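Geometric and topological summary
Single-letter residue listing:
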There are 2 protein chains.
Amino acid sequence: MSKSSSYTDRFSSGYRFFDNKTGFMLNYAGASGFDLNRVLKRDKKEITAALDYMKQVEAGKAVNVSEGRKVDHFNLRKGAGLLRSVTLWHSINDAIEQIKNGKVLNEKDKSYTDVIMNGIGGSFLGPLMTLIAKYGNDYNFGCHLPLRIHFLSNTDAWSFDTLMHKLNLSRTIMVNISKSGGTAETAGNMETFNNLLLTRKLKPGKHNITVTTPGSPFDLYSRESGFMHVFHMNNETGGRTSVGSAVGMVPAAFAGLDFESFLQGESYMDKLTRRADLLRNPALTLAVIINDVIIREGHKNQIMLGYSDSLKEMAHYFQQLFMESLGKKKTLQGRIRKEPTGLTIMGGVGTGEQHAFMQQVQEGIRDCFVHFISFRKRSTDFENTKAGSMGRQLLAFLEGTQRALLENGRDFVSLVFEEQNEFNMGMLVALEERVVTFLGGMWGINPFDQPGVQAGKLSADNHNSISKLVVFKLLETESFSGSAFDMSRALGKDKEEAPTIEAILLDIVSNHKVRGAYPDLKGFRCSKKWKGNIFSFSISNV
Amino acid sequence: MSKSSSYTDRFSSGYRFFDNKTGFMLNYAGASGFDLNRVLKRDKKEITAALDYMKQVEAGKAVNVSEGRKVDHFNLRKGAGLLRSVTLWHSINDAIEQIKNGKVLNEKDKSYTDVIMNGIGGSFLGPLMTLIAKYGNDYNFGCHLPLRIHFLSNTDAWSFDTLMHKLNLSRTIMVNISKSGGTAETAGNMETFNNLLLTRKLKPGKHNITVTTPGSPFDLYSRESGFMHVFHMNNETGGRTSVGSAVGMVPAAFAGLDFESFLQGESYMDKLTRRADLLRNPALTLAVIINDVIIREGHKNQIMLGYSDSLKEMAHYFQQLFMESLGKKKTLQGRIRKEPTGLTIMGGVGTGEQHAFMQQVQEGIRDCFVHFISFRKRSTDFENTKAGSMGRQLLAFLEGTQRALLENGRDFVSLVFEEQNEFNMGMLVALEERVVTFLGGMWGINPFDQPGVQAGKLSADNHNSISKLVVFKLLETESFSGSAFDMSRALGKDKEEAPTIEAILLDIVSNHKVRGAYPDLKGFRCSKKWKGNIFSFSISNV
């Protein structure tokens, strides 16, 4: 089809993929600049590279070259791997069932009422997305979960404290999800939780479950501490693709999800997207469309809009999947690229976002294309005046928004699944995972590492060590007055550390009397004064 | 300062604004390419235009030219306007207090237990943000709210039904927030709620509160229906800047917020940002920095990262404020611009996002700059091994991430408030509102209308009317087989409507047996078949 053909022409002449068995459709008739013939010719090499790369990944080659390991998330749901995953799921589900039905009791022979999922990044976003897909946002109210479910995914003393005050710790379990156990936020939350348990004469062993890699220091620690359960994920499973492993299974078991269906849905989509024929492989089609937009128009944001409240955390989940995988500065060979790669994802729920950022998407800067996700069948409906029913109104806005995008010359693609269930959520996750892998293959980058996350961690570690030095210096001298530069000199540090030191001194001034922050400085008198360009501090032991 | 000066040099020589009274700081030393001298020279005209425009807005000129109205959100918190707002707040709060303390009872002399905030866009995002800022995400569990608070901000039958099943409707109030009452989602949810009440022999008057403009059809309807309360917002208050009006006040009253402080915080920031001196006006400084980035480097996404779980919905709120205000294709004079304007916002909570999209921000495509928001003082803390305390770990990640951005040559600005409270949330909201207005003035666009939202609504209305025609045709003929093109012809519609018609026919096939969706077609036999490029349908009355 030529570029100028109408949406209706493209719509009815091959710019759609439909899977008869599941009802899944990818409609790319709205990708108006996408010319299949041109792409097949121009991107032949990239398409071959994408398919080859996927083969290498699935064959167990060490494709995560910078970390020297293979990547197994596709294989966890393929053939014997799928059988193993299903078996693991049932064993995890059976173990958690004993907690949910009150057969496993705490040290006071009481059942458990609350579980905290303690994890961050990939250990958080997948469990949250699948939970909300099943129950909606307010899953702890009126959904009859046997244990209330909470999440800690930060190192935030306020929200930690708020949660602790709400819970009866003697009836609470923390599920600590960390591949290595080294994640500072997760480790810190667990440490604090266990300190609180000990203060109340409770046994950490009766209140912790761990998900980690076998043989990791965290695995050993958890087993030595007699934790209720230690479930394993493979070292080959990356965080942002771990939702199909024990990382997703333990929360799913607490939430009562049909996780076997989720795995089957992933597996089914993998099968569809192993096809070498571009037009019969929806993940490859999507990857080629995204790549084409970037070639033709430069980088664009991908707006992901789910027309269902059940998809509230979907865009957030895919934000990590795409951006952490594709935002890279090096080639597979480790050379710095002339231009870094990436694909920025943002999104939310329709119709809500129509009343929020869609004004700009429709009429403002042409910096994005839209990726719709919706379900064909609804579980219930309510008659109304304007549209016939509440659900028909939703469809009208979904279709109306697409029409308006066409009128405004904005591109979109649309994924439609038959209905909201675990199988189709598995299909959706697998589809986008494979899009990401294909793009990685086309661009010749490593979509499986995350070196940029390390830089912030190292700087934070440096900050922590300076913070301890500052406290030590204050305890030693008992008195300090001057700027961060003065403290920097006193510590023998480079002046470039002054901003870090100022942040620490400000933190001390604001928080030295706050319980737990700087217990050794509690009795100090601290003040700051803004001198126009920098702060001057006065800190002394009274 | 020259562009090549170090962060520490800029940090200590004027690239920061500090307000001594409140402790608010804007640090733009991390905006590495920002050269103050160049900008003051190059952008003289734009800076003057920004200040002039703000003066016109605050003087009550009809600055929303396309809608022919003035814009009053700044004046609602200035001088006599502030006094009126505080008075309105206290009267709303007093009225809601009677519900909260059980003095106002339902038709069965029972107190109310649940309230549903029914609104979308600006009637949703502000109330949600301020609620979470106070209580965190799980406000209905253990926060001792007198009534549980729920939100409906979509036309989603599943989430509506899920909520209804959880509630005792006889003890539930719906707060319907709509400037005109014409918002389809809000009107549809209210209609359905009231139908359910009537089915259960309950009186809608005892279960509804309205927030709308005086004299609107919705105002009249609500008063005629004897709703519990009808609170008014001004016609001059735009949805996305309505959080300081009754739109924010009613939810705040149910939530027990100190809303007077919020208004005072807004008012105080307005004062700071009325200054003509760029360097003493943090909103103007920020606007100039954003404009400078766009001039020098082209459009960039603004990543808003709040280092506190209390800011979970902040980026979402500002996404609407910036993108609906600034994403425009026309000039103030109504001419189509050569290039549309806009500023894309995305974000989330630190440290969480460090483990999600920050890999790309650090090392991937250079498509963004980062806008940090944090609080200096915390309410509590917990000692730990790695950082000294949980809160110190958060600071380390905040500072460490900024350091890593500098190392990677990525720009950022940082807002720091003394602590999380309503006053400072008001300051934050007002600051960004004024940044947006200044940018509108600099770019010569109307930041107060949203014409692009209309296009989707009109298309949806068209969809609705076709949907009803299709149902009518099926009832008339009792039998249809063929494609959407065939139905299009049967209806005498243009073939370009075929995609809409296909979506409707698919909806009928999938949902005709679902309660409430297509009651007249419940007895029909419906099926679809994929013919390679389009669907063929068979629908008949059996």
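This text goes with the structure placed above it.
First things first, this report covers the structure right here in the doc. The shown structure was predicted, so the numbers you read here are calculated from the model rather than taken from an experiment.

What counts, and at which threshold
- Residues numbered from 1 in each chain as written.
- Chains lettered and ligands numbered in written order.
- Predicted model: local features only at pLDDT ≥ 70, side-chain atom pairs only at ≥ 80, totals over all residues.
- Heavy atoms only, no water.
- Helix = DSSP H or I, 4+ residues; strand = E, 2+ residues; numbered from the N terminus.
- Buried < 20%, exposed > 50% of the residue type's maximum accessible area, 1.4 Å probe, protein only.
- Contact = heavy atoms within 4.5 Å.
- Core = buried A, V, L, I, M, F, W, Y, C linked by side-chain atoms within 4.5 Å.
- Pairing = 2+ DSSP bridges.
- Right-handed = clockwise from strand over helix to strand, strands pointing away.
- Salt bridge = Lys/Arg side-chain N within 4 Å of Asp/Glu carboxyl O.
- Axes fitted to C-alpha atoms, helices over the stretch in contact; angles between N-to-C directions.
- Parallel < 35°, antiparallel > 145°, perpendicular 65-115°, else oblique.
- Left-handed = near helix turned anticlockwise from the far one by under 90°.
- Nonpolar A, V, L, I, M, F, W, Y, C, P; charged D, E, K, R; others polar.
- Buried area = accessible area lost by both parts, 1.4 Å probe.

1. Let's talk about the side chain of A:S308
- Structurally, A:S308 is set in the loop between β8 (301-306) and α12 (314-326).
- By relative accessible area, which is 7% here, A:S308 ends up buried.
- Look past the residues within four positions of A:S308 in its chain and what remains in contact with it is A:V349, A:G350, A:F375 and B:D156.

2. Here's the deal with the nonpolar core
- A:I149, A:V175, A:F254, B:I149, B:V175 and B:F254 are the most contacted members of the largest nonpolar core, which has 262 residues in total.
- Apart from the residues lying within four places of it in its own chain, the contact partners of A:F254 are A:I96, A:I99, A:K100, A:V115, A:M117, A:L145, A:P146, A:L147, A:I149, A:V175 and A:I209.

3. So, the pairing of strand β3 (residues 114-118) of chain B
Residues and elements named next belong to chain B.
- Counting buried positions over the five residues of β3 gives five, a clear majority of the element.
- As paired elements, β3 and strand β4 (residues 148-152) share five bridges and run parallel to each other. If you follow V115 over to β4, its bridge partner there is I149.
- Once the chain exits β3 it traverses helix α5 (residues 122-135) before rejoining the sheet at β4, and the crossover so formed is right-handed.

4. Overview of the pattern of salt bridges
- All told, the structure shown has 64 salt bridges over all chains when counted by the stated rule.
- A salt bridge links B:K329 to A:E363, with the nearest nitrogen and oxygen atoms 3.7 Å apart. Here the residue B:K329 occupies a position in the loop between α12 (314-326) and β9 (345-349), and A:E363 occupies one in helix α13 (residues 358-363), the pair thus bridging two chains.
- Taking the shortest distance from any N to any O, the salt bridge between B:E433 and B:R77 comes out at 2.8 Å. Taken together, the residues B:E433 in helix α15 (residues 422-443) and B:R77 in the loop between α3 (44-58) and α4 (80-100) connect sequence positions 356 residues apart. Residue B:E433 shares its accessibility class with B:R77, and that shared class is buried.
- Here the salt bridges share partners, and the residues they tie into one network are A:R38, A:R42, A:D43, A:D292, A:R296, A:E297 and A:K300.

5. Some words on the packing of helix α5 (residues 122-135) of chain A against α12(A)
Residues and elements named next belong to chain A.
- At a minimum axis separation of 9 Å, α5 and α12 run at an interaxial angle of 150°. Viewed along their axes, α5 and α12 adopt a mutual orientation that is roughly antiparallel. In terms of crossing hand, the pair formed by α5 and α12 is left-handed. Two secondary-structure elements touch here, α5 through G122, L125, G126 and M129 and α12 through M314, H316, Y317 and Q320.
- When grouped by side-chain class, the residues that make up the contact of α5 with α12 number four nonpolar, four polar and no charged.

6. With respect to the interface of chain B and chain A
- Taken together, the contacts link 156 residues of chain B with 155 residues of chain A.
- For the pair chain B and chain A, the summed buried surface comes to about 13,200 Å²; carbon and sulfur atoms form 55% of the total.
- Considering only the surface of chain B that becomes buried against chain A, B:F141, B:W158 and B:H355 emerge as the three largest contributors, covering 6% of it.
- Counting the contacts that link chain B with chain A gives twelve salt bridges.

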